[in-house]
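# A structural walkthrough
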Amino acid sequence: MEHELTYADVLAARDLLTGHLPVTPMWSYPALDAVTGATVHVKHENVQPVGAFKVRGGLTLLAAMAPAQRARGLMTYSTGNHALSLAYACAVFGAPCSVVMPATASAEKVRAVRALGATAVLHGADMASAQERAEQLAAEGGRHLVSPGDTPALLAGVGTTYLEVLEARPDLDAVVVPVGSGTGAAAACLVAAQLAPACRVIAVQSSAAPAAHDSWRGGACVRRPNRTAVDGLATGRGFTLPQQLMRAGLADFRLVSDAEIFAAQRLLASHAHTLAEGAGAAALAAVLADRDGFAGQRVAVVCTGGNASAAEIAALGGPAGRALVTSSSCG
Ligand SMILES: *Cc1c(COP(=O)(O)O)cnc(C)c1O
């Protein structure tokens, strides 16, 4: 089967990223293993410069662009971490950057985008209207429009995460990847097929925004209501390129509730001294939701991001958090 992206592109991305990003750590936590019943390796993308794995994609895209193309400036749409990634990469390469973010985007992420020197335009209630506005502004201003899901260089860049994971642990039984548009999970499929064919790549999404899940199950990109509070996973549609790769390589696609994600977020804080945003805890939530299935296995969970809002951090210590984690660790 032919794709717009191959394993060789991921290797090339690693070369482009050398000198920009160090390898991120991957640790196990005995207390976490005791709760899950599995050997869990937490891949710490929360320690990346913008607090999320997406920076690998943004830097890869900018590094591969011609200077004249960079000078035209870039335009994209995002709820937050893709915006941060592109803003960071544009700052590194001296390219003008504008991002349309839904008006509901986290204030912390908007502030961080602006601090990187990018223009943040707040528009509409969701990603669909942000996308529409970004397309309009890109056409008017002659800017290069970047799709967060269907841009091959972004997938190649985020794929380097899985080179690191699977070179360190080629004996993994599974790697669990949180999905919004699916770039990370799609790239994981490419890399696993090459480096660790026995390792199952399992995607996970919030049941409150199941567009990628439903697109994968049905074999065609669909739109679905987007009601999750977990902004890294908040997307209303399937994206063609990641879906194509996931169709070929994904072993399974799970759904977890926002409440299960919150419980996992709290568990990462208490048992792995790790501050994850909701999306960064979704992979662990999938393991917790299927303790029997993962029992005794070696599993990597990708902590994709650490950009928790002030409200999320406050809630982690609150009574709702305690109740959720208690019920989940007794279940
Ligand atoms: C974007 C994002 C995801 C989802 O990644 P996709 O490549 O869009 O599927 C997961 N976690 C975090 C923290 C993110 O920022």
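Here is what the cut-offs are and how they apply
- Residues numbered from 1 in each chain as written.
- Predicted model: local features only at pLDDT ≥ 70, side-chain atom pairs only at ≥ 80, totals over all residues.
- Heavy atoms only, no water.
- Pairing = 2+ DSSP bridges.
- Helix = DSSP H or I, 4+ residues; strand = E, 2+ residues; numbered from the N terminus.
- Right-handed = clockwise from strand over helix to strand, strands pointing away.
- Core = buried A, V, L, I, M, F, W, Y, C linked by side-chain atoms within 4.5 Å.
- Buried < 20%, exposed > 50% of the residue type's maximum accessible area, 1.4 Å probe, protein only.
- Contact = heavy atoms within 4.5 Å.
- Domains from an automatic or database assignment.
- Buried area = accessible area lost by both parts, 1.4 Å probe.
- Salt bridge = Lys/Arg side-chain N within 4 Å of Asp/Glu carboxyl O.
- Polar contact = N/O pair within 3.5 Å; in protein donor to acceptor, adjacent residues only side chain to side chain.
- Axes fitted to C-alpha atoms, helices over the stretch in contact; angles between N-to-C directions.
- Parallel < 35°, antiparallel > 145°, perpendicular 65-115°, else oblique.
- Left-handed = near helix turned anticlockwise from the far one by under 90°.
- Nonpolar A, V, L, I, M, F, W, Y, C, P; charged D, E, K, R; others polar.
- Phe/Tyr/Trp six-rings, centres within 6.5 Å; stacked < 30°, edge-to-face > 60°.
- Lys NZ or Arg CZ within 6 Å of the ring centre and 35° of its normal.

Attention shifts here to the pairing of strand E5 (residues 119-122). For strand E4 (residues 97-101) and E5, the ladder comprises four bridges, and the chain directions are parallel. By the bridge assignment for E5, Met-101 is matched with Leu-122. Between the parallel elements E4 and E5, the chain passes through helix H6 (residues 107-115) in a crossover that is right-handed.

Moving on to the nonpolar core. Nonpolar side chains in soluble globular proteins tend to be buried together. One finds Leu-166, Val-175, Val-201, Leu-250 and Phe-253 to be the most contacted residues of the largest nonpolar core, which totals 35 residues. Those elements that provide at least two residues to this core are helix H1 (7-17), helix H8 (152-168), strand E7 (174-178), helix H9 (183-195), strand E8 (200-206), helix H10 (211-218), helix H11 (240-249) and strand E10 (298-303). In terms of residue count, H9 provides more of this core than any other element does, seven residues in total. For Leu-250, the contacting residues outside a window of four places in its chain are Ala-185, Cys-189, Val-201, Ala-203 and Trp-216. Core analysis: the next-biggest nonpolar cluster, separate from the first, contains 31 residues, Tyr-29, Val-230, Leu-284 and Val-301 among them.

Okay, the domain arrangement of the protein chain next. Each assigned domain of the protein chain is listed with its residue range as follows: domain 1 (7-52 + 152-330) and domain 2 (55-146). The C-alpha-based centres of domain 1 and domain 2 are spaced at 23 Å. With 26 residues of domain 1 at the contact, the number on the domain 2 side is 25 residues. The largest share of the area that domain 1 buries against domain 2 comes from Val-50, Leu-154 and Asp-231, three residues that together contribute 27% of it. In this structure, the connection of domain 1 to domain 2 is made through four salt bridges. Note that Arg-56 and Glu-45 form a salt bridge whose closest N and O atoms lie 2.7 Å from each other. At the boundary of domain 1 with domain 2, the tally comes to 13 residue pairs in polar contact (both at pLDDT 80 or more). Here the side of domain 1 that touches domain 2 gets seven residues from one element, more than from any other, and that element is H8.

Another aspect to go through is unusual backbone geometry. The backbone of His-273 shows a phi angle near 30 degrees, a positive value even though the residue is not glycine. Inspection of the secondary structure assignment puts His-273 in the loop between helix H12 (258-271) and helix H13 (278-289).

Attention now goes to the packing of helix H3 (residues 55-64) against H8. Two elements in contact, H3 and H8, have axes whose closest approach is 7 Å; the angle formed by their N-to-C orientations is 130 degrees. By the angle between their axes, H3 is oblique relative to H8. Our pair here, H3 against H8, has a crossing hand that is right-handed. Counting all contacts with H3, which are made through Arg-56, Gly-57, Gly-58, Thr-60 and Leu-61, the residues of H8 involved are Ala-153, Leu-154, Gly-157, Val-158, Thr-160, Thr-161 and Glu-164. The residue inventory of the contact of H3 with H8, partitioned by class, reads four nonpolar, six polar and two charged.

Take the packing of helix H5 (residues 81-93) against H6 next. Between H5 and H6, the least distance of the axes is 9 Å, while the angle of their chain directions is 10 degrees. One element, H5, and the other, H6, form an angle in the roughly parallel class. Across the interface between the two elements, Asn-81, Ala-83, Leu-84 and Ala-87 from H5 touch Lys-109, Ala-112 and Val-113 from H6. Of the residues assigned to the contact of H5 with H6, the class counts are five nonpolar, one polar and one charged.

Moving on, we get to the packing of aromatic side chains. Taken as a whole and judged by the stated rule, the model has one aromatic pair. Between Trp-216 and Phe-253, the ring centres sit 6.1 Å apart and the planes meet at 50 degrees, which makes this aromatic pair tilted. Placement of the pair is Trp-216 in helix H10 and Phe-253 in strand E9 (residues 252-256), with a sequence separation of 37 residues. Here Trp-216 matches Phe-253 in class, with each residue buried. The positively charged end of Arg-237 is found above the aromatic ring belonging to Phe-239, 3.9 Å away from the centroid.

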